[in-house]
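Close look at the chain arrangement
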Amino acid sequence: MGEEVLLRARGVRKSFGNVEVLKGIDLDVRQGQVVSLIGASGSGKTTFLRCVNLLEEHDGGEILLDGDPIGYRMEGGKRRRLSEAKVSAQRARIGMVFQQFNLFPHLTAEGNIMLGLTKVLGKGAAEARDIAGHWLERVGLAERRGYYPYQLSGGQQQRVAIARAVAMQPRLLLFDEVTSALDPELVAEVLGVMQKLAESGMTMLLVSHEMLFVRDVSDRVVFLDGGQVAQAGPPKEVFGNPESERLRSFLGRMHGIFGQIA
Amino acid sequence: MDLQPGTFAFEAWTARYALWRGLWATITTSSFSIVFATLAGLIFGVALTYGWWPLRLLVRLYVDFMRGMPVLVLILFTYYGLALFQVNVAPYWAGVFALAGFATAHVAENLRGAVQSVPAGQMEAAKAIGLSFPKRLWYVIVPQAIRRMLPPWVNTCLEIVKGTTLLSVIGVVELLLATQQVIARNYMVIDFYLLACGIYLVVNFCIAQIGAALERRFSYIRY
């Protein structure tokens, strides 16, 4: 575990109106690690993930990627939002895969992957097409490159969405409950792709309810409860030795779904 | 064929240049209005959706004013009203501006509706790959919004073509006024109004067909 810290969150706070959803989250993700956020719905997992990618703006604390503060810089003790161009550049270094896939319906599988390569990274069309082809092959969809999203199954769409995110060569990949909208028989193909990515050394931060997958693939598991980190550690420790009653009852409910996790 | 004066065929043949010039005026005023209204409407629509709030308010006032105003009043105002302020515009262009100004409001409102009906996840996915705001708009949102805008846009085009008949009031010799001038010579009221009806129907049918072809062209955009 000597790798450097890639993502560091310190005291991250976020409120929606009067409701404080994140009450000071501290979290480190090291280079090459897979870190999973678990917790009941409403515990702030997804909100935290979205703050990392600036789809939500945190109100307090800081999030550092490679030591650079995300979204804000401090100026004379005050937080100043970064320019839109800087925010976009930061987002390009972080990939995100969504629960609802969010493929662009007017572009083919290949076109979805090429858009960021050509319009953000400035690659030529030929090179972008090669890269798209490479990643489509890696997710097992080489022969579907010319298909539009509506011609693909949910699992295939999600694999294209993963390819779209990885092709940008991000420093960090975020996965937001990416199998929750899939039919059960399609979950495995998506998890398989994610497992391969994890093995290839990609740094990943994921929110998931697939406890067995989380247990097998994660280096660290972080249990969020009421907008705070209630317990964090290697999966064996979190699943095998839950410290709080809340985590025990959460895992208890999950046992009912997945069988014995620990 | 029996081409005697007084028969419809003879009179129509005699009036062919007058009617053609009228039809041409209808087609060109419509085309200019549609092009101006579409371009301005797209810009206004983006301002209406994403603009800084004072700009949004301004455009909102414009849209609501234009939508609440009878087109004929707008046409009369741009022609006679502006003349009172020493701004003299030829009837042809006064008519084009009035129609374009009117239809701009409709296109802008259609665009806003279309953009807002694109699922929020599309904008988020576009943000997530690092696209800048103009690129998110241009490469992700607009292509999907256009698909949704097409049917109401075709309606607006048809309204513009029909609206050009009102330009006869300020002396633009478009198809309707040309027809009336022909009727004034030969008194064949029913025949020539029917002819004008037929021509308007053909023009609008063509526009509707183009619209349908465009819709088919974009039909691959589905969720």
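Rules used in this analysis
Residues numbered from 1 in each chain as written. Chains lettered and ligands numbered in written order. Predicted model: local features only at pLDDT ≥ 70, side-chain atom pairs only at ≥ 80, totals over all residues. Pairing = 2+ DSSP bridges. Helix = DSSP H or I, 4+ residues; strand = E, 2+ residues; numbered from the N terminus. Axes fitted to C-alpha atoms, helices over the stretch in contact; angles between N-to-C directions. UniProt positions renumbered as here; feature names shortened; annotations may be inferred. Contact = placed C-beta atoms within 7 Å. Nonpolar A, V, L, I, M, F, W, Y, C, P; charged D, E, K, R; others polar. Parallel < 35°, antiparallel > 145°, perpendicular 65-115°, else oblique. Left-handed = near helix turned anticlockwise from the far one by under 90°.

**Concerning the sheet that holds strand 10 (residues 204-207) of chain A**
All names here are of chain A. Spatially, the 6 strands line up as an open sheet ordered 8-9-10-3-11-12, and their pairing is mixed. This sheet does not close on itself; its edge strands, each paired only once, are strand 8 (94-97) and strand 12 (228-233). Each adjacent strand pair in this sheet contributes to an overall mean axis angle of 20°, direction not counted. Bridge analysis of strand 8 against strand 9 (residues 172-176) gives 4 bridges, and the strand direction is parallel. Its bridge partner lying in strand 9, Met 96 is registered against Leu 174.

**Remarks on the UniProt feature "domain: ABC transmembrane type-1" (unreviewed entry) in chain B**
With numbering matched to this structure, UniProt assigns "domain: ABC transmembrane type-1" (unreviewed entry) to residues 23-211 of chain B. Helix makes up 84% of residues 23-211 of chain B and strand makes up 0%, while its end C-alpha atoms are separated by 21 Å.

**Side note on the interface of chain A and chain B**
Counting from both sides, the interface comprises 23 residues of chain A and, opposite them, 20 residues of chain B. Every element with two or more residues in the side of chain A that touches chain B is listed here: helix 2 (84-92) and helix 3 (109-119) of chain A. Among the elements that take part in the side of chain A that touches chain B, helix 2 of chain A stands out by supplying 6 residues, more than any other. Partitioning the side of chain A that touches chain B into residue classes produces 13 nonpolar, 6 polar and 4 charged.

**Quick notes on the packing of helix 6 (residues 120-128) of chain B against helix 7 (residues 133-163) of chain B**
Residues and elements named next belong to chain B. Direction vectors running N to C along helix 6 and helix 7 enclose 155°, while the axes themselves pass 10 Å from each other. Taken together, helix 6 and helix 7 sit at an angle that is classed as roughly antiparallel. Read as a crossing pair, helix 6 and helix 7 show a hand that is right-handed. Across from Gln 122, Met 123, Ala 126 and Lys 127 in helix 6, the residues of helix 7 making contact are Arg 136, Val 140, Ile 141 and Gln 144. In the contact of helix 6 with helix 7, the residues fall into 4 nonpolar, 2 polar and 2 charged.

**Let's talk about the UniProt feature "domain: ABC transporter" (unreviewed entry) in chain A**
Per the UniProt record, "domain: ABC transporter" (unreviewed entry) is annotated on residues 7-251 of chain A. With 38% helix and 28% strand, the stretch residues 7-251 of chain A has end C-alpha atoms that lie 27 Å from each other.

**Some words on the environment of A:Ser153**
Its place among the elements puts A:Ser153 in the loop between helix 4 (125-138) and helix 5 (154-167). Through-space distance from the C-alpha of A:Ser153 to that of A:Arg246 is 37 Å; in sequence the pair is 93 residues apart.

**Here's the deal with the UniProt feature "transmembrane region" (unreviewed entry) in chain B**
All names here are of chain B. Within the UniProt annotation, "transmembrane region" (unreviewed entry) is assigned to residues 32-53, 65-85 and 192-214. Between the end C-alpha atoms of residues 32-53 the distance is 30 Å, and the span holds 91% helix and 0% strand. Each end of residues 65-85 is marked by a C-alpha atom, and these two atoms are 21 Å apart; helix forms 81% of the span and strand 0%.

**What about the sheet that holds strand 2 (residues 19-30) of chain A?**
Residue and element names in this part refer to chain A. Here 4 strands make up an open sheet; going across it, the order is 2-1-4-5 and the pairing antiparallel. In this open sheet, the two strands that pair with only one neighbour each are strand 2 and strand 5 (68-69). One ladder, built from 2 bridges, connects strand 4 (residues 60-65) with strand 5; its direction is antiparallel. Bridged to Leu 64 within strand 5 is Pro 69. Along the sheet, helix 1 (residues 45-52) contacts strand 1 (5-16), strand 2 and strand 4; its crossing angle with strand 1, the most-contacted strand, is approximately 120°.

**Thoughts on the environment of A:Gln231**
Residue and element names in this part refer to chain A. Here Gln 231 lies in strand 12. Along the chain, Gln 231 and Pro 242 lie 11 residues apart, while their C-alpha atoms are 7.9 Å from each other. Setting aside residues no more than four positions away along its own chain, Gln 231 makes contact with Phe 223, Val 238, Pro 242, Glu 243, Ser 244 and Leu 247.

**Describing the pairing of strand 4 of chain A**
Residue and element names in this part refer to chain A. Pairing analysis gives 5 bridges linking strand 1 to strand 4, with the strands arranged antiparallel. Bridge pairing links Arg 8 to Leu 64 in strand 4. What sits between strand 4 and strand 5 in their antiparallel hairpin is a turn of 2 residues, with Asp 66 showing a positive phi close to 55°.

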